[in-house]
Amino acid sequence: MILTPTMTGIASPAPLQHAFKVKSAPHAGRGGSRPVFLEPQQWQQWWQQPSQATERALYIHIPFCRKRCTFCNFFENGTNPERISRYMQRLTEQLHIAADTPLSQSQPFNTVYVGGGTPTDISSDEVKQLGEAISRFPLVDNAEVTLEGRLNGFDDDKWHNATANGFNRFSFGVQSFDTQVRQAAGRFDDKDFLLNRLQQLSRHPSASIVIDLIFGLPGQTLDVWQQDLQAVIDSGVHGVDLYQLIGLSGTRIENAREKGKILGTALSEFQADSQARANMYASGAHHFEAQNWQRLSSCHWRRDSRERSIYNSLAKSGIEILPFGAGAGGSIHGHGCMNARDLKQWHQAHDDMHSTEATAISAIALNPVQVPGMLMSPNPSASLDAIFKRGLDSGKLTLNLLTPEMCMHLQPLFIEWQNNGLAECSAQALTLTLAGRFWNVNMQTGLFEFLAKNPLPAQTSNQLAHGTHAIAG
Ligand code: SF4
């Protein structure tokens with residue numbers, strides 16, 4: 001049995017700050033899939049086959065931003081109205097075609113997420129057209145339909161077109177309310193503008209308004225963080241995500257750090273280290289829970305039941321997600337797919353399709369264009385991985401979702417987590433402590449590493465079983 005500190009963390013009187021050295025990655029995952037090549041004919045067949053999924057989603061990617069934020073490595077294409085308009089025309093055409101296919105029509109969609117980039121930078125008419133295109137897909141009653149973006153440029157006209165055309169959830173990247181920290185991070189607008197606008201939008205009778213905050217930004221002192229947390233309450237929003245800044249290569253913050261610089265504010269060059277970030281996470285959790293906000297995952301809290309966070313929750317469960325747009329990721333018929341981010345290639349694929357011989361025209365009219373990207377074979381452990389990811393992310397892994405063999409197999413790891421202050425074990429569940437919730441991505445990564453180095457014989461691991469399995473320790 002191989003157990004390493006990268007799996008278990010280390011024993012410490014202060015596990016929140018010291019159980020691991022640093023957050024390992026934004027998300028955890030493991031191999032098991034391999035790239036596959038799909039012939040154009042098979043692609044056409046995929047769209048003509050009904051789905052086997054019981055829950056599913058649409059993901060639509062809008063890869064444009066007006067400005068590159070210092071912490072982000074998702075910036076793909078600068079905004080310019082003509083470029084966006086050409087893209088949106090193609091994208092909505094493809095959505096119309098896809099919506100009519102047997103694959104789309106065979107099962108309703110639980111949730112739709114329009115992400116980016118900055119989707120709110122599309123024009124008001126384009127918001128309307130996008131909403132109309134989404135409404136052609138079969139959606140469950142009260143499906144959650146999210147538009148992501150930022151408040152800057154999201155005027156009343158866009159807001160009214162969005163709410164009138166099916167969007168019922170809005171996710172805005174605020175990151176910090178502090179005007180100086182925002183400027184240092186390359187964000188538009190000041191605190192007063194953000195607070196006023198969020199208060200206006202949050203008065204809507206049914207739409208859910210959620211925001212993201214990042215902790216660990218340059219210049220964001222612990223005092224500034226406390227003010228950020230209070231501003232969330234004051235803004236009237238219905239939900240909040242707290243994300244730790246990760247030093248992703250290629251970001252301006254990371255490039256500066258490699259040269260020994262901090263892109264701080266005029267007032268402060270403070271940048272929280274991993275231990276200070278752990279304290280910021282804890283103060284965020286305490287702040288919202290003291291106000292009776294409910295924790296839906298390790299990083300997401302809601303004020304009331306209007307906020308459901310269905311997409312984020314289901315995406316972690318490995319459901320089918322039909323992806324649209326350059327840079328969109330998802331899965332079709334169990335195959336992971338990631339469309340290439342290059343906009344030129346994406347447009348070229350559409351141009352090529354439209355110039356093919358007349359014999360192929362009927363297929364083109366019936367199915368969306370196959371765009372460049374990566375396809376993966378079905379993950380043999382998909383359902384098991386989904387249980388681990390969703391359980392650890394939510395803070396509670398229910399053990400009767402696992403086979404007795406798997407529970408026994410993982411027992412040494414679970415006991416180490418308990419010894420290290422990251423979790424509490426009972427016969428029914430592994431419940432993460434506050435420290436465990438802070439380090440939950442490291443724990444997910446550690447669990448997958450544990451299974452890779454200590455495989456279960458005959459891989460019975462992906463079968464689900466019901467029953468209760470005691471964990472000692
Ligand atoms: S954080 Fe959002 S708006 Fe800023 S560069 Fe990244 S994707 Fe664009």
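Calculation notes
Throughout this document, residue positions are counted from 1 along each chain, in the order its sequence is written. Local features in a predicted model are, by the rule used here, given only for residues with pLDDT of at least 70; side-chain atom pairs are given and counted only at 80 or more, and totals for whole chains, interfaces and linings are based on all residues. The basis for every side-chain value is the complete set of non-hydrogen atoms in the structure, without hydrogens or water. Put simply, DSSP H or I for four residues or longer makes a helix, DSSP E for two residues or longer makes a strand, and each gets a number counted from the N terminus. Throughout this description, buried means an accessible area under 20% of the type-specific maximum (1.4 Å probe, protein chains only), exposed means over 50%, and partly exposed covers the range between. We call two residues contacting when some pair of their heavy atoms lies within 4.5 Å. Accessible surface area values rest on a Shrake-Rupley calculation with a 1.4 Å probe, where residue burial reflects the displayed protein chains alone. In this analysis, strands are considered paired if DSSP registers two or more bridges between them. We call a crossover right-handed when, viewed with the strands running away from us, the connection from the first strand over the helix to the second turns clockwise. We define a polar contact as two N or O atoms separated by no more than 3.5 Å, with the added condition that, inside protein, one atom must be a possible hydrogen donor and the other a possible acceptor, whereas residues neighbouring each other in sequence contribute only through side-chain atom pairs. pLDDT expresses how confident the predictor is about each individual residue, on a scale running from 0 to 100. Take the number of residues in a helix, subtract one, and multiply by 1.5 Å to get its expected span. Note: the arc covers the axis-to-C-beta directions of the helix. Near is defined per residue: the residue qualifies when any heavy atom it owns lies within 4 Å of the molecule or strand. Three classes are used, and their members are as follows: Ala, Val, Leu, Ile, Met, Phe, Trp, Tyr, Cys and Pro are nonpolar, Asp, Glu, Lys and Arg are charged, and the others, Gly among them, are polar. Between the N-to-C directions of two axes lies an angle of 0 to 180 degrees, each axis being a line fitted to C-alpha atoms and, for a helix, fitted only over the stretch in contact.

### Comments concerning the overall build of the protein chain
Step number 1: Secondary structure assignment for the protein chain yields 19 helices and 16 strands.
Step number 2: When the backbone C-alpha atoms are referred to their principal axes, the protein chain occupies close to 70 × 60 × 45 Å.
Step number 3: Looking at the 473 residues of the protein chain, the share that counts as buried comes to 53%.
Step number 4: Restricting the contact set of the protein chain to residue pairs at least 6 apart, pairs at least 24 apart contribute 79%.
Step number 5: A total of about 20,200 Å² of accessible surface is found on the protein chain, and carbon and sulfur atoms cover 52% of it.

### Thoughts on the pairing of strand β7 (residues 239-244)
Step number 1: Here β7 lies mainly inside the structure; 5 of its 6 residues are buried.
Step number 2: Pairing of strand β6 (residues 208-215) with β7, which is carried by 6 bridges, proceeds in the parallel orientation. Within β7, the residue paired with V210 across the bridge is G239.
Step number 3: Each parallel crossover has a hand, and the one from β6 via helix α10 (residues 222-235) to β7 is right-handed.
Step number 4: Sheet topology note: the β7/strand β9 (residues 300-302) ladder contains 3 bridges and is antiparallel.

### Looking at the environment of S426
Step number 1: With respect to the helices and strands, the residue S426 is situated in the loop between β15 (423-425) and β16 (429-432).
Step number 2: In sequence terms S426 and A382 are 44 residues apart; their C-alpha atoms lie 25 Å from each other.
Step number 3: Within the structure, S426 has its side chain in polar contact with the backbone nitrogen of Q428 (distance 3.2 Å).

### Considerations on the confidence of the model for the protein chain
Step number 1: Of all residues in the protein chain, 94% have pLDDT values of 70 or greater, and the mean over the chain is 92.
Step number 2: Here residues 460-473 scores under 50 on pLDDT; set against residues more than four positions off or in separate chains, the count is 42 contacts.

### So, helix α14 (residues 343-354)
Step number 1: Here α14 is 12 residues long and its end C-alpha atoms lie 17 Å apart, about the 16 Å a rise of 1.5 Å per residue gives.
Step number 2: Looking at α14, one finds that the buried residues are L343, W346, H347, A349, H350 and M353. Buried residues of α14, seen end-on, are gathered within an arc of 150° and therefore sit on one face of the element.
Step number 3: Looking at where α14 begins, the residue whose side-chain oxygen comes 2.8 Å from the main-chain nitrogen of K344 is D342.

### A look at the site of the ligand
Step number 1: Taken together, the residues surrounding the ligand are C65, K67, R68, C69, F71, C72, F75, G117, T118, R150 and R187.
Step number 2: Classifying every residue of the shell around the ligand gives 5 nonpolar, 2 polar and 4 charged.

### Observations regarding the sheet that holds β15
Step number 1: The strand order β14-β16-β15 describes an open sheet built from 3 strands, whose pairing is antiparallel. With partners counted over all chains shown, the strands left at the sheet margins are β14 (396-398) and β15, one partner each. The sheet shows a mean angle of 15° between the axes of neighbouring strands, direction not considered.
Step number 2: Strand direction decides the pairing type here: β14 and β16, joined by 3 bridges, are antiparallel. Its bridge partner being in β16, T398 is matched across the sheet by A429.
Step number 3: Strands β14, β15 and β16 of the sheet are contacted by helix α17 (residues 404-419), whose axis makes an angle of about 125° with β15.

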